[in-house]
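Summary of the model geometry
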Amino acid sequence: MSNVLVVAEQSRGTLRKATLSALTAAREVARRTGGTVSALVLGSGAAAAAEELAAHGVAVRLADAPVLAHPLAEAHAPVVADAARVAGASWIVTAATAYGKDLLPRAAVALGAAVATEVLAVAGEGAEILLRRPMWAGNVIAEVELRGTVKAFSVRPTEFAPAARAPGGSVTPLPVSVDAASLRTRFVELQEVKSERPELTDARVVVAGGRGTRGDFGPLSGLADDLGAAVGASRAAVDAGWVPNDWQVGQTGKVVAPELYVAAGISGAIQHVAGMKGAKVIVAINKDADAPIFQIADYGLVADLFQAVPALRERLKAG
Amino acid sequence: MPLKLLVTVKRVEDPESRIRARPDGTGIVTDGVNYKMNPFDEIAVEEALRLKEKHGGEVVVASIGGAAAMVELRAALAMGADRGLLVRHDGALDPGVGSALLQALVAQERPDLVLLGKQAIDDDQNQTGQMLAARLGWPQATFASKKESLESEAEQKKQPGVVLAADGGRALVVREVDGGVETLDVALPAVVTVDLRLNKPRFASLPGIMKAKKKEVREIPAASLGVELAPAVVVRRLFDPPRRQAGVKVADVAELWTRLHAEAKVL
């Protein structure tokens, strides 16, 4: 059997959009191997997320129990393994988010599965599935084969279109046998970074700053407000403590693929470029005409961002 | 309570080196490529040294690879680690095999805490720590970080980010997740994988480098550890990603706006 199980991600009953990209990848595998796709939603009070996922035409098993309230890999991994057995799954697919990357390898050990991380494309021919994934910070793409009876991979959400709504889905409960008393991991707290702006990975426009901001993200935040954009940052800006760490765009931060990416005061280190080169249009604003960012930008402006960004805001207002 | 800390040290291509696929797709071009300790592992070594400085104990560094990996082990010993283990394995390695070999080392060394980089910057798999924790049945805290920035006073004081409970039986770990920072409380023994913003690794001092030469490094043939060594993740071919072409330089903001508006139609 070559059934495919999608491990969903939800928070307080809201389905994470990246799950729909994982569903698309799972369907690609199932189409090739002749299996069926089902999904697993884990949490406590997660029924709304399960219904939302089912509305995309997939049979969802809902593991809903207080012991799963927090996204602890130690608690969630055995449930993923149970669900894989119940579904007769030989493929497990999830999104390459912090949750997915934490959970999937742990669950894979219980299933004896090999894992590929951050898959960009499903390749190979016929029933032979090869997975394309970045190595060396995206400088090289590898085509990998996973061996064994059960295989698992996480997908980079920006590389797979989110699955569309479709009829035929369902939600059935999955009994949870994890004993809370046996857990050796306790959740203490989550300090959320609250923002009125769109999620970096979902935004149509991203405005990002680097060392060239010298810590002043004011102009960029203003431009982001004007454009309804998310604000991103290079590793240099995050390491300096100027902005929260979840603003980091790059191979080791968030990977984004917006329609428009404005890089201001960012030199364009390989690490950063790996996280944003999927953008449709890249604009670079930098004082240094030799900055590597200009080699990949569609439109480059050699200028001081503290003059250029306010001027661009003025021009936008003029229409 | 003194701690026993086991830290992984992987030899990888220097991130500053230019990496590209060989035209035949069988590997990468190694001409002119330098090697160094995986930067995430360097942060793990630093964290282990700070924990030892605070609580006492021993830092054991382990690598899996060919004889050349001795260079990176010596680098970790020069930073201050106490002794090294080199699991000699010349073939391809995947996280499944790597975590199984580390499990065998854990059985021998019985550490309180295993620290690993969250990923190695060659295969970028981000799996080995999680798989090791699963194999051992230990709790895991991945992507360990700090709430304070690397420029903060707390960082200047070189305090560890992992905070041990007074009885030494548990540890608080702050970790980077999507949308914020999470704190977990894990019972020891545990596996912790580290992210970029946990600390700034120290440089080895000259006396440190001299001392490192005399520190013990035990070589262990991988085949002696009773682990299946055939990888289940097999790279069939490597290729360079499509390159983005450089676009145009615009003269001023007015031209930039016109191009974005009329040409690219994104504004």
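Residues numbered from 1 in each chain as written. Chains lettered and ligands numbered in written order. Predicted model: local features only at pLDDT ≥ 70, side-chain atom pairs only at ≥ 80, totals over all residues. Heavy atoms only, no water.

A separate point is the domain arrangement of chain A. All names here are of chain A. By domain assignment, chain A separates into domain 1 (3-182) and domain 2 (205-318). Between domain 1 and domain 2, the C-alpha centre-to-centre distance is 32 Å. In total, about 580 Å² of surface goes out of reach between domain 1 and domain 2, with carbon and sulfur atoms giving 53% of it. Broken down residue by residue, the surface that domain 1 buries against domain 2 is led by Ala137, Arg156 and Thr158, which jointly contribute 68%. There are zero salt bridges connecting domain 1 and domain 2. Looking at side-chain class alone, the side of domain 1 that touches domain 2 contains one nonpolar, three polar and one charged residues. (Domains from an automatic or database assignment. Buried area = accessible area lost by both parts, 1.4 Å probe. Salt bridge = Lys/Arg side-chain N within 4 Å of Asp/Glu carboxyl O. Nonpolar A, V, L, I, M, F, W, Y, C, P; charged D, E, K, R; others polar.)

Attention now moves to unusual backbone geometry. Residue Leu188 of chain B is joined to Pro189 of chain B through a cis peptide bond whose omega torsion reads 0 degrees. In this fold, Pro189 of chain B is placed in the loop between strand S10 (180-187) and strand S11 (190-194). Phi at Trp136 of chain A is positive, roughly 45 degrees, even though this residue is not glycine. Counting through the fold element by element, Trp136 of chain A comes out in the loop between strand S9 (130-135) and strand S10 (140-146). Phi at Lys158 of chain B takes a positive value of approximately 60 degrees, unusual for a residue other than glycine. Within the secondary structure layout, Lys158 of chain B lies in the loop between helix H5 (153-156) and strand S8 (163-164). The exposure class assigned to Lys158 of chain B is partly exposed, which follows from its relative accessible area of 39%. (Helix = DSSP H or I, 4+ residues; strand = E, 2+ residues; numbered from the N terminus. Buried < 20%, exposed > 50% of the residue type's maximum accessible area, 1.4 Å probe, protein only.)

Let's shift gears to the packing of aromatic side chains. Considering all chains together, one arrives at two aromatic pairs over all chains under this definition. Ring centres 5.9 Å apart and planes at 80 degrees place the aromatic pair Trp91 of chain A and Phe153 of chain A in the edge-to-face group. You can see Trp91 of chain A sitting in strand S6 (residues 89-95) and its partner Phe153 of chain A sitting in strand S11 (residues 151-155), a full 62 residues away along the chain. Phe153 of chain A matches Trp91 of chain A in its accessibility class, with the two residues each being buried. Arg315 of chain A extends its terminal NZ or CZ atom over the ring of Trp257 of chain B, reaching a point 3.8 Å from the ring centre. For Lys118 of chain B, the ring lying beneath its charged end belongs to Phe143 of chain B, and the centroid distance is 5.8 Å. (Phe/Tyr/Trp six-rings, centres within 6.5 Å; stacked < 30°, edge-to-face > 60°. Lys NZ or Arg CZ within 6 Å of the ring centre and 35° of its normal.)

Contact residues are listed per partner, giving 85 residues for chain A and 78 residues for chain B. Between chain A and chain B the total buried area reaches about 7000 Å² when both faces are included, carbon and sulfur atoms providing 55% of it. Broken down residue by residue, the surface that chain A buries against chain B is led by Trp136, Arg184 and Tyr299 of chain A, which jointly contribute 12%. Notably, a salt bridge pairs Arg236 of chain B with Glu128 of chain A, separated by 3.1 Å at the nearest N-O pair. The tally of links from chain A across to chain B stands at 48 residue pairs in polar contact (both at pLDDT 80 or more). Looking at which element gives the most residues to the side of chain A that touches chain B, the answer is strand S13 (residues 185-192) of chain A, with eight residues. Sheet topology note: the strand S18 (residues 299-302) of chain A/strand S14 (residues 248-249) of chain B ladder contains two bridges and is parallel. By the bridge assignment, Gly300 of chain A is partnered in S14 of chain B with Lys249 of chain B. (Contact = heavy atoms within 4.5 Å. Polar contact = N/O pair within 3.5 Å; in protein donor to acceptor, adjacent residues only side chain to side chain. Pairing = 2+ DSSP bridges.)

Here we take up the sheet that holds strand S8 (residues 121-123) of chain A. Strand order across the open sheet formed by four strands is S8(A)-S9(A)-S10(A)-S13(B), with antiparallel pairing between neighbours. The open sheet terminates on both sides in strands that have one partner only, identified here as S8 of chain A together with strand S13 (233-239) of chain B. Averaged over all pairs of adjacent strands, the angle between strand axes in this sheet comes to 35 degrees, irrespective of strand direction. As defined by bridge partners, S9 of chain A adjoins S10 of chain A across five bridges and the pair is classed as antiparallel. The residue bridging Leu131 of chain A from the neighbouring strand is Val144 of chain A, located in S10 of chain A. (Axes fitted to C-alpha atoms, helices over the stretch in contact; angles between N-to-C directions.)

This next bit is on the packing of helix H3 (residues 95-109) of chain B against helix H4 (residues 128-136) of chain B. All names here are of chain B. The geometry of H3 relative to H4 is characterised by a closest axis approach of 8 Å and an angle of 50 degrees between their N-to-C directions. With respect to H4, the element H3 is oriented oblique. Classified by chirality, the crossing of H4 by H3 is right-handed. Touching Pro95, Gly96, Gly98, Ser99, Ala100, Leu102, Gln103 and Val106 of H3 are Thr128, Met131, Leu132, Arg135 and Leu136, all from H4. (Parallel < 35°, antiparallel > 145°, perpendicular 65-115°, else oblique. Left-handed = near helix turned anticlockwise from the far one by under 90°.)

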